Amino acid sequence: MKILVMSDTHSDAAVITRVMEQNPSVDAIFHCGDSELPFTASELQGIYKVRGNCDHDVNFPTEVVEEIDGKRIFMTHGHLFNVKSNLTALSYRAREVQADVVLFGHSHVLGVELVDGILYVNPGSLLLPRGRKEKSYAIIENIENGWHIIFYTEEKNVIAEKTLLY
């Protein structure tokens, strides 16, 4: 399984298209909210997507749970789980839905951690990054006994790379 994860593009439809074109071999694409585009926007077609606190289109779900290659992926924007403070509420929900992977945005801060066998990934923001100057997105690959995560700039330069074993 290899997935692309982006978030917080805030009306920049072109960056969504560019990032997708740079990564044609992924199994699925996830947008963690605050696209500020209509749910039916052509740039979001074929993408798993959720509603962020800046999205006005009520057709976006607040959560997505999807199984890909035997791994259960839970995605939400993060504002409903107070992710800017801590991941406690998000971790409770992740366990409720039996997630292997949790994808979220909202804070615009990229990060990854493996806690109690669950992978948590925030891809950062492709418009307004916080904590660093580079705009970012993530590619997550399920490897034998773990995960390989690479954070990229919008030009596909590597920002950070991490392998976590479960």
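Note that the coordinates shown come from a computational prediction; the quantities given were computed from them, not determined experimentally.

Asker: Please set out the packing of aromatic side chains residue by residue, giving values where relevant.
Answerer: Tallying each qualifying case throughout the model produces five aromatic pairs. Between Trp147 and Tyr166 the ring centres are 6.2 Å apart and the planes differ by 70°, which places this aromatic pair in the edge-to-face class. Of this pair, Trp147 sits in strand 10 (residues 146–152) while Tyr166 sits in the segment after strand 11 (158–165), placing them 19 residues apart in sequence. Using a relative accessible area of 1% as the deciding quantity, one classes Trp147 as buried. Here the basic side chain of Lys49 rests over the ring of Phe39, its NZ or CZ set 4.4 Å away from the ring centre. Looking at Lys156, its charged tip hangs above the ring of Tyr152, at a distance of 5.5 Å from the centre.

Asker: Describe helix 1 (residues 13–22), listing the residues and the values that go with them.
Answerer: Among the residues making up helix 1, those that are buried are Ala13, Val15, Ile16 and Val19. Take helix 1 and look down its axis: the buried residues cluster within an arc of 165°, on one side only. If you follow the buried residues of helix 1, they end up packed against strand 1 (2–6), strand 2 (28–31) and strand 9 (137–143). The opening residue of helix 1, the one whose side-chain oxygen lies 3.3 Å from the backbone nitrogen of Ala14, is Asp12.

Asker: Can you break down the side chain of Asn23 residue by residue, with the values?
Answerer: The residue Asn23 is located in the loop between helix 1 and strand 2 in this model. Using a relative accessible area of 6% as the deciding quantity, one classes Asn23 as buried. Within the local environment of Asn23, its side chain forms a polar contact with the backbone oxygen of Val19, the two atoms lying 2.9 Å apart. A polar contact is formed between the side chain of Asn23 and the side chain of Tyr137, at a distance of 3.0 Å. Contact partners of Asn23, with chain neighbours within four places excluded, come to Leu4, Tyr137, Ile139 and Lys156.

Asker: For the sheet that holds strand 8 (residues 118–122), give the residues involved together with the corresponding values.
Answerer: One open sheet accounts for five strands, arranged 4-5-6-8-7; its pairing is mixed. At either end of the open sheet lies a strand with only one pairing partner, and these are strand 4 (63–68) and strand 7 (111–115). Taking the axes of each pair of neighbouring strands and ignoring which way they run, one obtains an average angle of 15° across the sheet. Bridge count for strand 6 (residues 101–103) against strand 8 is three bridges, and the pairing is parallel. Among the inter-strand pairings, Val102 is bridged to a residue of strand 8, identified as Tyr120.

Asker: Which residues make up the environment of Val5, and what values go with them?
Answerer: On the secondary structure map, Val5 appears in strand 1. The class for Val5 is buried, based on a relative accessible area of 0%. Distance from Val5 to Ile47, taken between C-alpha atoms, is 9.8 Å for residues 42 residues apart in sequence. When near neighbours in sequence (up to four residues on either side) are disregarded, Val5 contacts Phe30, Cys32, Leu103, Pro123, Tyr137, Ala138 and Ile140.

Rules behind the numbers
- One numbering rule holds for all chains: residues counted from 1, following each sequence as written.
- Side-chain atom pairs in this predicted model are given and counted only at pLDDT of 80 or more, local residue features only at pLDDT of at least 70, and totals for whole chains, interfaces and linings cover all residues.
- Side-chain numbers come from the whole structure's heavy atoms, not from hydrogens or water.
- A pair of aromatic rings is counted whenever rings of Phe, Tyr or Trp (Trp by its six-membered ring) have centres within 6.5 Å, and the orientation is called stacked for planes under 30 degrees apart, edge-to-face for over 60 and tilted otherwise.
- Where helices and strands are cited, they refer to DSSP runs of H or I of at least four residues and of E of at least two residues respectively, numbered from the N terminus.
- Each residue gets one of three labels from its accessible area relative to the maximum for its type: buried under 20%, exposed over 50%, partly exposed in between, using a 1.4 Å probe on protein chains only.
- Over a ring means this: the NZ of a Lys or the CZ of an Arg is within 6 Å of the ring centre and within 35 degrees of the ring normal.
- Working definition: the arc comes from the directions between the helix axis and the C-beta atoms, pointing outward to the latter.
- Whether two residues touch is decided by their heavy atoms; if any such pair falls within 4.5 Å, the residues are in contact.
- Each polar contact in these results corresponds to two N or O atoms within 3.5 Å; when the atoms are within protein, one needs to be able to donate a hydrogen and the other to accept it, and residues that are neighboring in sequence are counted only if both atoms are side-chain atoms.
- Strands are treated as partners if at least two bridges between them are detected by DSSP.
- Lines fitted to the C-alpha atoms define the axes, with helices restricted to the stretch that makes contact. Angles between their N-to-C directions range from 0 to 180 degrees.

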